[in-house]
Amino acid sequence: LARGVTEPDLRGRHVVVSAGGTREPLDPVRFLGNRSSGKQGYALARTAAARGARVTLIAANTALPDPAGVDIVRVGTAVELREAVLGAAADADAVVMAAAVADFRPAVYATGKIKKKDGQEPEPVTLVRNPDVLAEISGDRARAGQVIVGFAAETDDVLANGRAKLKRKGCDLLVVNEVGERRTFGSEENEAVVLGADGSETPVAHGPKEALAETVWDLVAERLG
Ligand code: CTP
Ligand code: CA
């Protein structure tokens, strides 16, 4: 098929995509969060649906229009995202973790709003580790042959960091972005290298998030056979 023509190569497949960024509450009005917009995850969901897949989109705190023809599950925290991903992954052919999952959450949640006290410095915030969803689903696959994809934003030696992370997580593919000023977060475009557990390296030139999404699904489809 010519470029730009969508081949329904994911027909009959169920794919799960997580998108956005988790928020970890400190009290009823405040949270620890990150700058993920969810645009890359939504592009993955849209393109998979266009290629014929049944899509479950696990959306963490996104402010984007619902993509047509996709089942959306909304979550807030990393713990909620884990529950939703584990549930949806049970019968999935592929899982793509595009969400920015907070590594830590406040150890305690104040049920009432935290108030300033006259003449007193604030209490330090103690953090605890969140579950690593990607490592968990990769280490204990819900289905034989399930293809699992992670995303990583890196600085410094981007490829070496990406290779080490791919191994640590145990996923099949890792999409590695270099982060810097004006890159990646909230932007309409992306540029990446997709590393495969089989040693493959697929560069994706700077371009729309849809183009990166299509490449991810090409690599997933190859591995699904
Ligand atoms: N991820 C996850 N659960 C977490 C943290 C990350 O599932 N608690 C997933 C992300 O969705 C992403 C991948 O793991 O697909 C890589 O995230 P990243 O933050 O780069 O990995 P970390 O292991 O948290 O490494 P770092 O210390 O560099 O943040
Ligand atoms: Ca992290």
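Residues numbered from 1 in each chain as written. Chains lettered and ligands numbered in written order. Predicted model: local features only at pLDDT ≥ 70, side-chain atom pairs only at ≥ 80, totals over all residues.

As named in an unreviewed UniProt entry, the chain is Coenzyme A biosynthesis bifunctional protein CoaBC, taken from Streptomyces capillispiralis.

## Brief notes about the overall build of the chain
Secondary structure assignment for the chain yields 5 helices and 12 strands. Taking 2.2 N^0.38 as the reference for a compact globule, 225 residues should give roughly 17 Å; the C-alpha atoms of the chain span a radius of gyration of 18 Å, in line with that estimate. Each principal axis of the C-alpha distribution contributes one length, and for the chain these read about 70 × 35 × 35 Å. Counting the 225 residues in the chain, one finds 40% classified as buried. (Helix = DSSP H or I, 4+ residues; strand = E, 2+ residues; numbered from the N terminus. Rg over C-alpha atoms; globule rule 2.2 N^0.38 Å. Buried ≥ 20, exposed ≤ 12 C-beta atoms within 10 Å, placed from the backbone.)

## Overview of the site of ligand 1
Taken together, Ala78, Met97, Ala99, Val101, Asp103, Asn130, Asp132, Val133, Leu134, Gly150, Phe151 and Ala152 form the complete shell of residues around ligand 1. The biggest single contributor to the shell around ligand 1 is strand 9 (residues 147–154), with 3 residues. (Near = placed C-beta within 6 Å.)

## Some remarks on the sheet that holds strand 6 (residues 94–97)
Pairing within the open sheet is mixed, and its 8 strands lie in the order 5-4-1-6-9-10-11-12. Of all strands in the sheet, those with a lone pairing partner are strand 5 (71–75) and strand 12 (201–208), marking the two edges. Strand-to-strand twist across the sheet, computed as the mean angle between neighbouring axes with direction ignored, equals 20°. Summarising the sheet, strand 1 (residues 14–20) and strand 6 pair through 4 bridges and their orientation is parallel. Paired with Val17 across the two strands is Val96, which belongs to strand 6. Contacts between helix 1 (residues 39–50) and the sheet are confined to strand 1, strand 4 (54–60), strand 6 and strand 11 (189–196), with strand 1 contributing the most and set at about 160° to the helix. Taken strand by strand, helix 2 (residues 78–89) contacts strand 1, strand 4, strand 5 and strand 6, and its axis lies near 175° from that of strand 4. (Pairing = 2+ DSSP bridges. Axes fitted to C-alpha atoms, helices over the stretch in contact; angles between N-to-C directions. Contact = placed C-beta atoms within 7 Å.)

## A look at the environment of Gly207
Residue position: Gly207 is located in strand 12. Since 13 C-beta atoms lie within 10 Å of it, Gly207 is described here as partly exposed.

## Let's talk about the UniProt feature "binding site: CTP" (unreviewed entry) in the chain
With numbering aligned to this structure, UniProt lists the feature "binding site: CTP" (unreviewed entry) at Asp103, Lys113, Pro131, Asp132, Val133, Leu134, Phe151, Lys165 and Lys169. In sequence the annotated residues extend across 67 residues, and in space they extend as well, their farthest C-alpha pair lying 37.9 Å apart. Structurally, the position occupied by Asp132 is in the loop between strand 8 (127–129) and helix 3 (133–139). Within the secondary structure, Leu134 sits in helix 3. Assessed through the 26 C-beta atoms surrounding it within 10 Å, Leu134 is described here as buried. Excluding residues that lie within four positions of it along the chain, Leu134 makes contacts with Met97, Gly150, Lys169 and Cys171. (UniProt positions renumbered as here; feature names shortened; annotations may be inferred.)

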